[in-house]
Structure formats: C-alpha cells, structure tokens
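Coordinate inspection notes
The lines below spell out each chain.
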Amino acid sequence: MQLRNSSSRYGWVSIVLHWGVALTVFGMFALGLWMVGLGYYDTWRKAGPDLHKSIGITLFLFMLIRVIWRFVSPPPAAPAAHSRFVKTAAKLGHAFLYLDLFLVMFAGYLISTADGVGIPVFGLFEVPALISGLPDQADVAGTVHLYLAWTLVIFAGLHGLAALKHHFVDRDATLVRMLGRKA
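Just so it is clear, the model here is predicted, and its values are computed rather than measured.

1. Quick word on the packing of helix H3 (residues 84-112) against helix H4 (residues 137-168)
Running from amino to carboxyl end, H3 crosses H4 at an angle of 150 degrees, the nearest separation of the two axes being 8 Å. Here H3 lies roughly antiparallel to H4, going by the angle between them. As H3 runs across H4, the sense of the crossing is left-handed. Of the residues in the contact of H3 with H4, the class split is 17 nonpolar, nine polar and one charged.

See below:
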C-alpha cells in the first residue's frame, strides 16, 4: 500500500491517522464517562484522569500531524457520482469533526490547568498551564468539554453511518477507500 494519498484512495498514513483518532476518541469518551463515576477512595481516582489527560495531549499532537498531512497529501477527490450537496456536506462534516475535536481538547486543557498546574504526559514531559485562574474555569470548561464530547461522539457515529450508507445503499467507493482498497 502506498504511503501518500492518490487520486483514487487514501494512503496508509491517512488511514492509520483516521482510524487511530476514531478509536482514541471513542476510547477517551468511554474513559471519561467511567471516570466521573469513580468514588473518592477508588484506586483509579487519580490514575484515570492522568491517563485521560496524557492520551488527550497525545491525541492533540496526532491531530496536528493529521491536519499537516492533509496539506502534504491531500485526500482523494469525492467520487464523481456524488452530488454537489453530498460533496459540500462531506466537506462541512469533516470540518465540523476537526473543529469539535480541537475544541474538546482545548476545553480539557482548560479544565486541567485551571489551578495553574501543568499537565504531565505519561511522565515524559509536562505541558505548561498557560491559561489559568479564569472565573469558574474548571466548572465552565468541564461543562463545555462534556457537551462537546457528546456532540463529537454523536456526530462521529453519524459520520460512520454515512460511510455505511455510501457503501451499502449507494454502492460507491467512499468507505473502501478509507479501508485502503482501490476504488
């Protein structure tokens, strides 16, 4: 399989980034929901959020790579059979997913740095607290983070359903291209 995207299919870098981000987003969502139910004396009360933050920072770095990669290796054009509406909806949908994901991560950063303490990432380095001390920062950012995360997961689910619709109903190459097969 090719490294870069071609005119007819995605390369392995785009495929790995796409599916890696998708699995991470759903895993982080599940971890986040699980964490809020932890009791005060639970052994994961500190480890769960630390893991969530470390994965979140790593996801942010991979999303930066993903955005840069879109410029280095543009995605293949939409199948010719797609209407102008479908092409526009796909572009807007992808833009919304990217924006929502970055906003979720930024809100998570604001929660984590509200007390002015940086975020350790797997014990390897620390992301500094550049924004802290805003009024009710942790609470407001926490609410925003929660709603944006739900929006992201629901919209990502719709994105997946749209891909299945293209595959099983329209019988076009939209899904197979992201699986690494030729259209």
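2. Some details on a nonpolar patch on the surface
A cluster of nonpolar residues, Leu33, Leu146, Trp150, Ile154, Leu158, Leu161, Leu164, Phe168 and Val169, forms a patch on the protein surface that exposes about 890 Å² of accessible area. Broken down by element, the nonpolar patch gets its largest block of residues, seven residues, from H4. By the secondary structure assignment, Ile154 is in helix H4.

3. Things to note about the UniProt feature "domain: Cytochrome b561 bacterial/Ni-hydrogenase" (unreviewed entry) in the chain
Sequence positions flagged by UniProt for "domain: Cytochrome b561 bacterial/Ni-hydrogenase" (unreviewed entry) are, in local numbering, residues 9-180. Within the segment residues 9-180, helix and strand shares are 70% and 3% respectively, and the terminal C-alpha atoms sit 7 Å apart.

4. Topic: the pattern of salt bridges
Considering all chains together, one arrives at two salt bridges under this definition. Here Lys46 makes a salt bridge to Asp50, at a shortest N to O gap of 2.7 Å. Here Lys46 pairs with Asp50, and both are found in helix H2 (residues 44-72), just four residues apart, close to one helical turn. For Lys46, a relative accessible area of 58% corresponds to the exposed category. Residue classification places Asp50 among the partly exposed residues on the basis of a relative accessible area of 27%. Between Asp170 and Lys165 there is a salt bridge, with the nearest N and O atoms lying 2.7 Å from each other. Overall, the relative accessible area of 34% leaves Asp170 in the partly exposed class. Exposure remark for Lys165: the relative accessible area of 39% places this residue in the partly exposed category.

5. Re the packing of helix H1 (residues 12-36) against H4
Running from N to C, H1 and H4 cross one another at 140 degrees; their axes reach a closest spacing of 11 Å. Compared by their axis directions, H1 and H4 come out oblique. Where H1 crosses over H4, the two elements pack in a sense that is left-handed. Along its contact with H1, which presents His18, Val25, Phe26, Phe29 and Leu33, the element H4 presents Ala149, Trp150, Leu152, Val153, Ala156, Gly157 and His159. Taken together, the residues of the contact of H1 with H4 sort by class into nine nonpolar, three polar and no charged.

6. With respect to the nonpolar core
The biggest cluster of nonpolar side chains holds 15 residues, and the ones touching the most others in it are Val21, Val25, Leu59, Met63, Leu101, Met105 and Leu152. Mapped by element, the contributors of at least two residues to this core are H1, H2, H3 and H4. With near-sequence residues (within four places) excluded, Val21 lies in contact with Leu59, Met63, Arg66 and Leu101.

Quick notes on the rules
- Residues numbered from 1 in each chain as written.
- Predicted model: local features only at pLDDT ≥ 70, side-chain atom pairs only at ≥ 80, totals over all residues.
- Heavy atoms only, no water.
- Axes fitted to C-alpha atoms, helices over the stretch in contact; angles between N-to-C directions.
- Helix = DSSP H or I, 4+ residues; strand = E, 2+ residues; numbered from the N terminus.
- Parallel < 35°, antiparallel > 145°, perpendicular 65-115°, else oblique.
- Left-handed = near helix turned anticlockwise from the far one by under 90°.
- Nonpolar A, V, L, I, M, F, W, Y, C, P; charged D, E, K, R; others polar.
- Patch = residues over 30% accessible without salt bridge, like charges linked within 9 Å, V, L, I, M, F, W, Y side chains within 5 Å.
- Areas by Shrake-Rupley, 256 points an atom, 1.4 Å probe, with all protein chains shown as cover.
- Salt bridge = Lys/Arg side-chain N within 4 Å of Asp/Glu carboxyl O.
- UniProt positions renumbered as here; feature names shortened; annotations may be inferred.
- Buried < 20%, exposed > 50% of the residue type's maximum accessible area, 1.4 Å probe, protein only.
- Contact = heavy atoms within 4.5 Å.
- Core = buried A, V, L, I, M, F, W, Y, C linked by side-chain atoms within 4.5 Å.

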